[in-house]
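Listed below, chain by chain, are the residues.
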Amino acid sequence: MRGQSAVEYLLMIVVALTIVAIIIAIMHNVKIAGNIAGEDVVIAYVEYNPPGNDVLGEYVLIKNEGLVDVDMSGWQLKDEQNHVYTFPNGFILEAGASVKVHTGPGNDTNTDLYWGRRQAVWNNNGDTAYLYDAEGHLVDKCSWTGHEGGAISCH
């Protein structure tokens, strides 16, 4: 009986490890707009005081540093004054790709999204860009003081 118990015990360990491995594999391959797949989406760069017209030149660069595409439908980009840009339904940020969120008007593409504002959002003398997922969880943030020369690399 003792040999059978040891074999059964070993079999239970193998089954448990297999289940854990399957769960990990699923978590790494599922498109989830949250802290699983979305944890690698970052604010990479902010052009907060561009040369020329602020409205036309301001943008925030969002990068997916992960290995899976992320559905950013309903995600939000905000500043300290609670100006809010909401990502359009169906917007997918592919693995390794980036998108510029421009303050001013324009036509959305896979690499450029437009807020459509007529006034600047990002304060030249200091501000914070916040990125929230569709459930309202803070995914990333980037702050500046205005002494960085008009733009800041965040990651």
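The rules behind the values
- Residues numbered from 1 in each chain as written.
- Predicted model: local features only at pLDDT ≥ 70, side-chain atom pairs only at ≥ 80, totals over all residues.
- Heavy atoms only, no water.
- Phe/Tyr/Trp six-rings, centres within 6.5 Å; stacked < 30°, edge-to-face > 60°.
- Lys NZ or Arg CZ within 6 Å of the ring centre and 35° of its normal.
- Helix = DSSP H or I, 4+ residues; strand = E, 2+ residues; numbered from the N terminus.
- Contact = heavy atoms within 4.5 Å.
- Polar contact = N/O pair within 3.5 Å; in protein donor to acceptor, adjacent residues only side chain to side chain.
- Buried < 20%, exposed > 50% of the residue type's maximum accessible area, 1.4 Å probe, protein only.
- Pairing = 2+ DSSP bridges.
- Axes fitted to C-alpha atoms, helices over the stretch in contact; angles between N-to-C directions.
- pLDDT = per-residue confidence, 0-100.
- Core = buried A, V, L, I, M, F, W, Y, C linked by side-chain atoms within 4.5 Å.
- Disulfide = S-S within 2.5 Å.

With that settled, the discussion passes to the packing of aromatic side chains. This structure, assessed with the given rule, holds eight aromatic pairs. Between the NZ or CZ atom of K78 and the centre of the ring of Y132, over which it lies, the distance is 5.0 Å. Across the ring face of Y59, the terminal group of K100 is positioned such that the distance to the ring centre comes to 4.5 Å.

You can see D140 is positioned in strand β10 (residues 138-144). D140 has contacts with V41, V42, I43, A129, Y130, L131 and H155, leaving out every residue within four places of it along the chain. There is a polar contact of 2.8 Å between the side chain of D140 and the backbone nitrogen of I43.

When you tally the buried positions in strand β1 (residues 41-47), you get six out of seven residues, the bulk of the element. As defined by bridge partners, β1 adjoins strand β2 (residues 59-64) across six bridges and the pair is classed as antiparallel. In the strand pairing of β2, E47 is matched with Y59. By the bridge criterion, three bridges tie β1 to strand β11 (residues 151-153) in an arrangement that is antiparallel. Looking at the pairing, Y45 lines up with S153 of β11.

Moving on, we get to the sheet that holds strand β4 (residues 76-78). Taken in spatial order, the four strands make up an open sheet running β5-β4-β9-β10, and their pairing is antiparallel. Strands with a single pairing partner mark the edges of an open sheet, and in this sheet they are β5 (84-86) and β10. This sheet shows a mean twist of 15° between the axes of neighbouring strands, independent of strand direction.

A few words on the sheet that holds β1. Overall, mixed pairing links the five strands, which are arranged β8-β7-β2-β1-β11 in an open sheet. The open sheet terminates on both sides in strands that have one partner only, identified here as β8 (112-114) and β11. Strand-to-strand twist across the sheet, computed as the mean angle between neighbouring axes with direction ignored, equals 25°. Across five bridges, β2 lies against strand β7 (residues 98-102) in antiparallel orientation. Bridge pairing in β7 places Y59 opposite H102.

With 85% of its residues at a pLDDT of at least 70, the protein reaches an overall mean of 88. Scored below 50 in pLDDT, residues 29-35 shows 18 contacts in the model against residues more than four places distant or in partner chains.

Here we come to unusual backbone geometry. Notably, N82 is not glycine yet its phi reads approximately 65°, a positive angle. When you line up the elements, N82 lands in the loop between β4 and β5.

All right, on to the nonpolar core then. By size, the foremost hydrophobic cluster in this structure holds 26 residues, and its most contacted members are I62, M72, L77 and F87. Where this core is concerned, the elements lending two or more residues are β1, β2, β7, β9 (127-132) and β10. Residues in contact with M72, not counting those within four places in the same chain, are V41, I62, F87, F91, L93 and L131.

The full count for this structure, using the stated rule, is one disulfide. Paired by a disulfide, C142 and C154 hold their sulfur atoms 2.0 Å apart. What sets the handedness of the C142 and C154 disulfide is the S-S torsion sign, and at about -75° it is left-handed. With C142 in strand β10 and C154 in the segment after β11, this pair connects stretches of sequence that are twelve residues apart.

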